[in-house]
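Take a look at the letters that make up each chain.
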Amino acid sequence: MYKVLALAGGVGGAKLVFGLSKILKPKELSTVVNTADDDIFHGLHVSPDVDTVMYALAGLTNKTTGWGIEGDTFLTLSALERLGEETWFQLGDLDLATHIKRTLMLNSGKSLSEATDSLAKSLGILHDVIPMSDDPVKTIAITETEELDFQDYFVRQKCEPIIRGVRFEGISKAKPTTEFINKISQSDAIIICPSNPIVSIPPILELPGIKELISKFPGKRIAISPIVGRQALKGPAAKMMKELNEDVSSIGVAKRYIGICDWFVIDKADTEEAEAIKKLGMKVHITSTIMNSDQEKINLAKEVLNLIKI
């Protein structure tokens, strides 16, 4: 089998990574995850996208939400609220253990990569989970009235403010993790997961030198659209694209990956968009991209991996 490097963020990315992990051996799959959504809550370093991917690989994911831990409780959060703390960012009791352990490791001098590797191993994960950078990068949502930290915009304000732009604070000074760079040179294929094309994948690609490395990558580069029928399967991608005057479609997503994508995978519902995407310089594969069950995640992973052979 091939060595695959997945670029992921959020629920859609975690779903595909789960599917890939059921086909590929630990040495055949590595996942680089967006860390620009990271933030500090109650003094703890929270890495939402990293944790969503880890919980998926560990089989812990809350099946209703697609994030968090199945069966988690929120007693600590309720107690914090009684003590006057803001609790709009939901952290379950089991989830808190992850953040406490991560913060302890970071405070002891370990890098985010080292902390993530330790957490993944403790959860029984055999496939590599790699933060995009050990340096801080913060997604800022530029709205009509103010600039907001992404979690403030996404969670506290439920994506309601009209967005006019996005910037990644610290991106120009942040370095890709060494493991990220190494995996690019060691892999046979790069898969851009069906993650938010505005805030989940761009921070990974905009790290200094990464887009250039991927543009020169000799293997297959495959991206999967997170937009189906002009709607986002999960999260605010469609709303954000519309407010940024981008085409809310698979075509709109594909435009963001010109020059770094050989195969673009779209859902059957968007078959009529295939020709326009081909004109962007990509081959198009049409299949079912909806992943509501574990079997559907595996099925899509198989479809994507088959493209490496073509």
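Coordinates for the structure precede this section.
Residues numbered from 1 in each chain as written. Predicted model: local features only at pLDDT ≥ 70, side-chain atom pairs only at ≥ 80, totals over all residues. Heavy atoms only, no water.

S.K.: Got a minute to help me understand the sheet that holds strand E13 (residues 263-267) in this structure?
M.R.: Backbone hydrogen bonds are what pair the strands of a sheet, in a parallel or an antiparallel way. The 7 strands are arranged E5-E2-E1-E9-E10-E13-E14 in an open sheet whose pairing can be described as parallel. Of all strands in the sheet, those with a lone pairing partner are strand E5 (128-131) and strand E14 (283-287), marking the two edges. Strand-to-strand, the axes of this sheet are offset by a mean angle of 20°, without reference to chain direction. Pairing analysis gives 4 bridges linking strand E1 (residues 4-8) to strand E9 (residues 189-192), with the strands arranged parallel. Paired with Val4 across the bridge in E9 is Ala189. This element, helix H7 (residues 178-186), spans E1, strand E2 (29-33) and E5 of the sheet and lies at about 125° to E5. (Pairing = 2+ DSSP bridges. Helix = DSSP H or I, 4+ residues; strand = E, 2+ residues; numbered from the N terminus. Axes fitted to C-alpha atoms, helices over the stretch in contact; angles between N-to-C directions. Contact = heavy atoms within 4.5 Å.)

S.K.: Can you walk me through empty space enclosed by the protein in this structure?
M.R.: Taken as a whole and judged by the stated rule, the model has 1 cavity of 30 Å³ or more. The volume enclosed by the largest cavity comes to roughly 30 Å³. Within the residue set of the lining of the largest cavity, elements represented by two or more residues are strand E6 (138-143) and helix H6 (150-156). Among the residues forming the lining of the largest cavity, the class breakdown is 2 nonpolar, 2 polar and 5 charged. (1 Å grid on protein atoms, 1.4 Å probe; cavity = no way out; pocket = protein on both sides within 12 Å on 5 of 7 lines; lining within 4 Å. Points joined across faces, edges and corners; volume = space filled by probe spheres on them. Nonpolar A, V, L, I, M, F, W, Y, C, P; charged D, E, K, R; others polar.)

S.K.: Please clarify how the nonpolar core should be interpreted in this entry.
M.R.: Membership of the largest hydrophobic core comes to 49 residues, with the highest contact counts inside it found for Leu7, Val32, Tyr153, Phe180, Tyr257, Phe264 and Ile277. The element contributing the most residues to this core is helix H10 (residues 237-243), with 4 residues. Counting residues in hydrophobic clusters, the runner-up holds 36 residues, among them Leu16, Leu20, Ile191 and Trp263. (Core = buried A, V, L, I, M, F, W, Y, C linked by side-chain atoms within 4.5 Å. Buried < 20%, exposed > 50% of the residue type's maximum accessible area, 1.4 Å probe, protein only.)

S.K.: What exactly am I supposed to notice about the packing of helix H1 (residues 10-21) against helix H2 (residues 48-57) here?
M.R.: Helix packing geometry: the angle between the two helix axes and the distance between the axes. Taken N-terminus to C-terminus, the directions of H1 and H2 make an angle of 30°; their axes are 9 Å apart at the nearest point. Here the hand of the crossing between H1 and H2 comes out right-handed. Seen from H1, the contacting residues are Gly10, Val11, Ala14, Val17, Phe18 and Ser21; seen from H2, they are Asp49, Thr52, Val53, Ala56 and Leu57. When grouped by side-chain class, the residues that make up the contact of H1 with H2 number 7 nonpolar, 3 polar and 1 charged. (Left-handed = near helix turned anticlockwise from the far one by under 90°.)

S.K.: Could you clarify how one ought to interpret helix H13 (residues 294-309) in this entry?
M.R.: Note on helix geometry: an α-helix contains 3.6 residues per turn, so any two residues three or four positions apart are oriented the same way. End to end, H13 covers 24 Å across 16 residues, agreeing with the expected 22 Å (1.5 Å per residue, within 8%). If you follow the buried residues of H13, they end up packed against E1, H1, E9, strand E10 (220-224), E13 and E14. (Expected span 1.5 Å × (residues − 1).)

S.K.: Which parts of the structure should I look at to understand the packing of helix H4 (residues 93-107) against helix H5 (residues 112-122)?
M.R.: Between H4 and H5, whose axes approach to 9 Å, the crossing angle comes to 140°. On the basis of their axis angle, the class for H4 and H5 is oblique. Crossing of H4 over H5 shows right-handed handedness. Contacts from Thr98, Lys101, Arg102, Met105 and Leu106 of H4 reach H5 at Leu112, Ala115, Ser118 and Leu119. When its residues are assigned to classes, the contact of H4 with H5 shows 5 nonpolar, 2 polar and 2 charged. (Parallel < 35°, antiparallel > 145°, perpendicular 65-115°, else oblique.)

S.K.: Teacher, can you tell me more about the pattern of salt bridges here?
M.R.: Side chains carrying opposite charge are able to pair once their charged atoms draw close together. Taken as a whole, this structure holds 17 salt bridges when the rule is applied. The partner of Arg156 in a salt bridge is Asp152, with the nearest N and O atoms 2.8 Å apart. Here Arg156 and its partner Asp152 are both found in helix H6, 4 residues apart, which amounts to about one turn of the helix. A relative accessible area of 41% places Arg156 in the partly exposed class. Across the salt bridge formed by Glu212 and Lys216, the nearest N and O atoms sit 3.1 Å from each other. Look at the salt bridges and you will find they share partners, linking Asp39, Lys138 and Asp149 into a network. (Salt bridge = Lys/Arg side-chain N within 4 Å of Asp/Glu carboxyl O.)

S.K.: Looking at this model, I keep getting lost on the packing of aromatic side chains. Mind explaining?
M.R.: Working definition: an aromatic ring pair is given by the centre-to-centre distance plus the angle between the planes. All chains considered together, the criterion is met by 5 aromatic pairs. Taken together, a centroid distance of 4.1 Å and an interplanar angle of 10° make the contact between Phe41 and Phe89 stacked. Of this pair, Phe41 sits in strand E3 (residues 39-41) while Phe89 sits in the loop between helix H3 (75-82) and H4; the two residues are 48 residues apart in sequence, bridging distant segments of the chain. A connected cluster of aromatic rings, assembled from ring pairs, spans Phe41, Trp88 and Phe89. Lying over the aromatic face of Phe18, Lys297 brings its terminal NZ or CZ to 5.1 Å of the ring centre. (Phe/Tyr/Trp six-rings, centres within 6.5 Å; stacked < 30°, edge-to-face > 60°. Lys NZ or Arg CZ within 6 Å of the ring centre and 35° of its normal.)

S.K.: So what exactly am I meant to see when it comes to unusual backbone geometry here?
M.R.: For residues other than glycine, phi is negative in most cases, and the peptide bonds are mostly trans. The phi angle at Lys158 is positive, at roughly 50°, despite the residue not being glycine. Along the chain, the position of Lys158 falls in the loop between H6 and strand E8 (163-169). With a relative accessible area of 58%, Lys158 lands in the exposed category.

S.K.: Got a minute to help me understand the environment of Ser249 in this structure?
M.R.: Mapped onto the elements of the fold, Ser249 is located in the loop between H10 and helix H11 (250-255). Each C-alpha atom, one on Ser249 and one on Leu7, is 20 Å from the other, the two residues being 242 residues apart in sequence. The residues contacting Ser249, other than those within four sequence positions of it, are Ile227, Arg230, Met241 and Glu273. Side-chain polar atoms of Ser249 contact the backbone nitrogen of Ile251, separated by 3.2 Å. (Polar contact = N/O pair within 3.5 Å; in protein donor to acceptor, adjacent residues only side chain to side chain.)

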